[in-house]
Amino acid sequence: MQVRQHTISTPHASVAYQLSSFHFGVAAADSHSGKKVYIQAALHADEVPGMLVAQFLRRELLALEAAGKLLGEVILVPAANPIGLSQAIHGAPFGRFDLSTGINFNRAYRHVADELKTTLDGHLGPDTGANVALIRQQARDAVASWEPRTDAETLKKTLLGMAIDADIVLDLHCDNEAALHLYTGTPLAAQLAPLSALLGARAVLLELAAGEEPFDEACSRLWWDLDSHFQGRYPIPAACLSVTVELRGEVEVNYALAERDANALLRFLAIEGVLDMPGAADDLPAPQCVPTPLAGVEPILAPHAGVLVYLREMGDVLEAGDAIADIIDPVSGNTTTLRCTVAGVFFARSAHRHVLRGMNVGKVAGSRAYRGGSLLSQ
């Protein structure tokens, strides 16, 4: 294992941020399968479950590397957001947005496909492997040319620079309160299926472009955007399986869950040929859901302020019109029952029990796409 330190702050900054990454199997990556995996946790710094999963991953990867069972390179970033980890408001951690700009740490990554459409023109050919290698090289160059204007942009450039040429990217997050669920690109659904089954995901949400350039799409969307741009004239596969893994809710931080999740991730990497673990693909658990479009997710919004009482549990399968929660006006006692308008899985909800008008209090994964725009912010 190699430990690398990445300076985020400029020399004259009033604060100093440093990012640590752990690199396993670097030598093996040249002599075996060559697959590269990038795993990061807590891009939203106050989303803690992934940081604990990363501790189990580090322990197991060290053992696998020592035993010669690591067949490629794995980069692990257990705390991906040192800026967010330093932020607090009145004693409460606040790692979702950069306080200096208000920008979400999981938005505004560089979408390099836009420039690669020009730089690749005339250089692609009939060899799939050669095309993949060329695209990855030019993607690395494009990220390297990014000139950050803030510490947050320097952090984003550093993370994306490690991940942009990976075969597999696992971005570990969590929701406020949620059943385990996954976000990925529509072309990646079949390849993702074993991971969904191993983790017991209750929703797999697919989209070609969710909007606002989140990290996982910055790594994967360039492939199908380029394929579409060149209109199939050259073989361009979806060469990066990039997934946002939502590890349930913010407070579900315990050893048993973290170890189980880490083992599922490692078993999936073995299925993908990154680890030497015979039998990893045998006896997979039954999937807990079928993939559905991100544009089919119904956000349930509070129509007024009040006390929030849930009537259904996360992971429940609902029919259109089913009651999800009551909101009670604490002064008048008037109660409003919130109902979904689509059939689907109730996969996420709010941890707050007093809400204001317009707050998102639940999400239902429906099977029919009906929304547009910036889907992650609705």
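Above this text is the structure in question.
About the thresholds
Residues numbered from 1 in each chain as written. Predicted model: local features only at pLDDT ≥ 70, side-chain atom pairs only at ≥ 80, totals over all residues. Heavy atoms only, no water. Salt bridge = Lys/Arg side-chain N within 4 Å of Asp/Glu carboxyl O. Helix = DSSP H or I, 4+ residues; strand = E, 2+ residues; numbered from the N terminus. Buried < 20%, exposed > 50% of the residue type's maximum accessible area, 1.4 Å probe, protein only. Pairing = 2+ DSSP bridges. Phe/Tyr/Trp six-rings, centres within 6.5 Å; stacked < 30°, edge-to-face > 60°. Lys NZ or Arg CZ within 6 Å of the ring centre and 35° of its normal. Expected span 1.5 Å × (residues − 1). Bend = angle between axes of the 7 residues up to and from the residue. Contact = heavy atoms within 4.5 Å. Axes fitted to C-alpha atoms, helices over the stretch in contact; angles between N-to-C directions.

Engineer: Would you take a moment to explain the pattern of salt bridges for this structure?
Structural biologist: Pairing of side chains with opposite charge becomes possible as their charged atoms draw close. This model, assessed by the stated rule, comprises 20 salt bridges. Its salt-bridge partner being Lys-36, residue Asp-165 comes within 2.6 Å of it at the nearest N-O pair. Here Asp-165 is found in the loop between α6 (151-163) and β7 (168-175), whereas its partner Lys-36 is found in strand β3 (residues 36-41), with 129 residues between them in sequence. Close ionic contact of Glu-177 with Arg-349 constitutes a salt bridge, the shortest N to O distance being 2.7 Å. Of the two residues, Glu-177 is situated in strand β8 (residues 177-178) and Arg-349 in strand β18 (residues 344-349); the sequence distance between them amounts to 172 residues. The same class applies to Glu-177 as to Arg-349, namely buried. One salt-bridge network, held together by shared partners, links Glu-213, Glu-217, Arg-221 and Asp-225.

Engineer: Just to check I follow, could you spell out the sheet that holds strand β19 (residues 354-355) for this structure?
Structural biologist: Backbone hydrogen bonds hold the strands of a sheet together, and the pairing may be parallel or antiparallel. Here we have 4 strands laid out as an open sheet, ordered β17-β16-β14-β19, and antiparallel in their pairing. Strands with a single pairing partner mark the edges of an open sheet, and in this sheet they are β17 (335-339) and β19. Bridging between strand β14 (residues 306-310) and β19 involves 2 bridges; their strand directions are antiparallel. Paired with Gly-306 across the strands is Val-355, a residue of β19.

Engineer: Which parts of the structure should I look at to understand the environment of Ile-328?
Structural biologist: Looking at where Ile-328 falls in the secondary structure, it is placed in strand β16 (residues 323-328). Ile-328 gets classed as partly exposed once you look at its relative accessible area, which sits at 28%.

Engineer: Help me out: how do you make sense of the packing of aromatic side chains in this one?
Structural biologist: One pair of aromatic rings is described through two measures. These are the centre distance and the angle between the planes. In the structure shown here, the tally under the stated rule is 6 aromatic pairs. Both rings, one in Phe-230 and one in Tyr-234, keep their centres 5.8 Å apart while their planes meet at 70°; by these two values the pair is edge-to-face. These aromatic residues form a ring-pair network of at least three members: Tyr-38, Tyr-109 and Phe-215. Over the ring of Tyr-109 we find Lys-156, and its NZ or CZ is 5.5 Å from the ring centre. Sitting over the face of the ring of Tyr-310, Arg-349 holds its NZ or CZ atom 4.5 Å from the ring centroid.

Engineer: Is there a simple way to think about helix α8 (residues 215-229) in this case?
Structural biologist: Residues three or four positions apart in an α-helix share a direction because the helix packs 3.6 residues into each turn. The first and last C-alpha atoms of α8 sit 21 Å apart over 15 residues, in line with the 21 Å expected at 1.5 Å per residue. At Arg-221, α8 shows its strongest bend, of approximately 40°. In terms of residue burial, α8 counts as a mostly covered element, since 12 of its 15 residues are buried. Within the sequence span of α8, burial applies to Phe-215, Asp-216, Glu-217, Ala-218, Cys-219, Ser-220, Arg-221, Leu-222, Trp-223, Trp-224, Asp-225 and Leu-226. In the stretch just after α8, Gln-231 is the one whose phi turns positive, near 55°.

Engineer: Help me out: how do you make sense of the pairing of β7 in this one?
Structural biologist: Consecutive residues of a regular strand have side chains that alternate between opposite faces of the sheet. Taking burial as the measure, the 8 residues of β7 include 8 buried ones, the bulk of the element. Side-chain alternation along β7 places Ile-168, Leu-170, Leu-172 and Cys-174 on one buried face and Val-169, Asp-171, His-173 and Asp-175 on a second face that is also buried. By the bridge criterion, 5 bridges tie β3 to β7 in an arrangement that is parallel. Each residue of the ladder has a partner; that of Ala-41, found in β7, is Leu-172. Here 7 bridges tie β7 to strand β11 (residues 241-249), and the two strands are oriented parallel to one another. Opposite Asp-171, over in β11, you have Thr-244 as the bridge partner.

Engineer: Would you mind showing me how to read the sheet that holds strand β10 (residues 203-207) here?
Structural biologist: Strand order in the open sheet formed by 9 strands is β1-β2-β4-β3-β7-β11-β9-β10-β12, and the pairing between neighbours is mixed. Among the strands making up the open sheet, the edge pair consists of β1 (2-7) and β12 (292-293). Bridging between β3 and strand β4 (residues 73-77) involves 5 bridges; their strand directions are parallel. Paired with Val-37 across the two strands is Val-74, which belongs to β4. Against the sheet, helix α9 (residues 255-271) engages β3, β7 and β11, with an angle of about 165° to β11.

Keep in mind that these numbers describe shape and distance, not what the molecule does.
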